[in-house]
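# Coordinate inspection notes
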Amino acid sequence: AGDNRALPATSPAGNGACLIKPATRASVAELLTRLFDSERRRGAPGARPQVPRFHGVRILLAEDNQVNREIAVGLLEACGIQVDLAHDGREAVERLQ
């Protein structure tokens, strides 16, 4: 079993987080809502939550597994997020410098 808590992280903009794998759709949505949607739009109690929309948000995704990368990009783009890809952590750090 993995730990899918969001951990604080730093970024050039001063905001950020790190999601530990394996991440679930719900944990990704909760993290994105916490980072980018201060109003935390919620539906009626008992109703299926709507897919959050984050237009104008751009993230750097570091993932070395092709299948995981495709799934993550699909989930993030479905939320309106522009995804920049790094194939591993080293490439991600280089792109942030």
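## Let's talk about the confidence of the model for the protein
- On average, residues of the protein carry a pLDDT of 74, and 68% of them reach 70 or more.
- Across the protein, the element-wise mean pLDDT spans from 44 in strand β1 (residues 6–8) up to 94 in strand β4 (residues 82–86).

## Some points on the nonpolar core
- Formed by V28, L32, F54, V57, I59, L61, A72, V73, L76, C79, I81 and V83, the largest nonpolar core amounts to 12 residues.
- No other element matches helix α2 (residues 66–78), which puts 3 residues into this core.
- Apart from residues lying up to four places away in sequence, I81 is in contact with L32, F54, V57, I59 and L76.

## Topic: the pattern of salt bridges
- This model, assessed by the stated rule, comprises 2 salt bridges.
- Linking R58 and D84 is a salt bridge whose minimum nitrogen-to-oxygen distance equals 2.4 Å. Taken together, the positions of R58 in strand β3 (residues 58–62) and D84 in strand β4 put the pair 26 residues apart, joining distant regions of the chain.
- When the shortest N-O distance is used, the salt bridge between R95 and E91 registers 3.9 Å. Here E91 and R95 lie together in helix α3 (residues 89–96), a separation of 4 residues that amounts to about one turn.
- You can call R95 partly exposed: its relative accessible area is 43%.

Cut-offs used in this document
Residues numbered from 1 in each chain as written. Predicted model: local features only at pLDDT ≥ 70, side-chain atom pairs only at ≥ 80, totals over all residues. Heavy atoms only, no water. pLDDT = per-residue confidence, 0-100. Helix = DSSP H or I, 4+ residues; strand = E, 2+ residues; numbered from the N terminus. Core = buried A, V, L, I, M, F, W, Y, C linked by side-chain atoms within 4.5 Å. Buried < 20%, exposed > 50% of the residue type's maximum accessible area, 1.4 Å probe, protein only. Contact = heavy atoms within 4.5 Å. Salt bridge = Lys/Arg side-chain N within 4 Å of Asp/Glu carboxyl O.

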